[in-house]
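# Observations on the model geometry
Here are the chains, one letter per residue:
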Amino acid sequence: MLRLLSLLILIALWQAASMVADSRLLPAPLTVLAVIGHEAHSHALYFNMATTLARVAVAFTLAMVFGTVFGVLMGRSPTIDRLGDPWLVILLNLPALVVIVLAYIWLGLTEVAAVFAVALNKLPNTTATIREGARALDPGLEEMATVFAMPWQTRVRHVLLPQLAPYIAAATRSGLSLVWKIVLVVELLGRSNGVGFEIGSAFQLFDVALLLAYALPFVGIMLAIETFLVQPFERHVSRWRSKAA
């Protein structure tokens, strides 16, 4: 209820600001809604949003899978951690724009380059988060698994993943917010479709209403994913904390 009230207050402030400012610089909510309806009627909105969401899903999945594997290896092996730490620090501090531009130069203006650039930007964040979780694993549970000669599949499912779940949830939340923003930059620089491309076209035309018509629905979808998927998952994997308290 409070979230809905906050949203209504934001829309009211937007309406008030649009009445004071130039309508070209800040169109009213109803004006933007009309543009959204027009783009949806032509199916351009659906196509571009679906294209962007597909890129987000693929890049996010790749980054989470490989980041989790690398994070566990670095957190459990001091040798691998010392070898991989300089790479991790470099990737953490390398600007996203540099990675995107280099990916397009080396791989061309292709879909593979776009997804690779986004995944590589997200990878070090996931790795660093999971590494901390792997370092905090309970050695007593590891000893128990060894004593009972658990198969590696059982050990991963019942010993490793439950302990890493809060860290995976944290990496998921931060990663999702990072990935979709980088996807828009990737589309702006080197793709011919997607929400980022449409926002770039609206910027060139100085069409703020069209820019908001693509930005707001996409933000709404990301907010829905955060509210109905990420937050419930985070509460589910952290439910033991409340029970322990």
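Preceding block: the structure.
Quick caveat: nothing in here was measured; it's all calculated off a predicted structure. (Residues numbered from 1 in each chain as written. Predicted model: local features only at pLDDT ≥ 70, side-chain atom pairs only at ≥ 80, totals over all residues. Heavy atoms only, no water.)

### Quick word on the packing of aromatic side chains
This is how the line gets drawn: Stacked, tilted and edge-to-face are the three classes assigned to paired rings of Phe, Tyr and Trp, where Trp is represented by its six-membered ring and a pair needs centres within 6.5 Å; plane angles under 30 degrees give stacked, over 60 edge-to-face, the rest tilted. Here a strand is any run of E in DSSP of at least two residues, a helix any run of H or I of at least four, and the numbering for each starts at the N terminus. For every residue, the accessible area obtained with a 1.4 Å probe (protein chains only) is divided by the maximum for its type, and the residue is called buried under 20%, exposed over 50%, and partly exposed between those limits.
Here the structure, examined in full by the defined rule, presents 2 aromatic pairs. Summarising the aromatic geometry, the rings of Phe66 and Phe70 are spaced 6.2 Å apart at their centres and angled 40 degrees between planes, so their arrangement reads as tilted. Placement of both Phe66 and Phe70 in helix 3 (residues 44-76) is noted, with a separation of 4 residues, approximately one turn of the helix. Taking the relative accessible area as the measure of exposure, Phe66 reaches 43% and is therefore partly exposed. Judged by relative accessible area, which is 36%, Phe70 ranks as partly exposed. Relative to Phe218, the ring of Trp180 has its centre 5.4 Å away and its plane inclined at 65 degrees; by these criteria the two rings are edge-to-face. You can see Trp180 sitting in helix 8 (residues 152-190) and its partner Phe218 sitting in helix 10 (residues 208-237), a full 38 residues away along the chain.

### Overview of the packing of helix 3 against helix 4 (residues 78-93)
Worth spelling out the cut-off: A fitted line through C-alpha atoms represents every axis, and for helices the fit uses only the stretch in contact; the resulting angles, taken between N-to-C directions, go from 0 to 180 degrees. Any angle that is under 35 degrees is reported as roughly parallel, and any over 145 degrees as roughly antiparallel; angles of 65 to 115 degrees are reported as roughly perpendicular and all others as oblique. Here, residues are in contact when the closest pair of their heavy atoms is within 4.5 Å. Residues are grouped as follows: nonpolar covers Ala, Val, Leu, Ile, Met, Phe, Trp, Tyr, Cys and Pro; charged covers Asp, Glu, Lys and Arg; every other residue, Gly included, is treated as polar.
At a minimum axis distance of 6 Å, the contact between helix 3 and helix 4 shows a crossing angle of 125 degrees. Taken together, the axes of helix 3 and helix 4 are oblique relative to one another. Residues Leu73, Met74 and Arg76 of helix 3 form the contact with helix 4, whose participating residues are Pro78, Ile80, Asp81, Gly84, Asp85 and Leu88. The residue inventory of the contact of helix 3 with helix 4, partitioned by class, reads 5 nonpolar, 1 polar and 3 charged.

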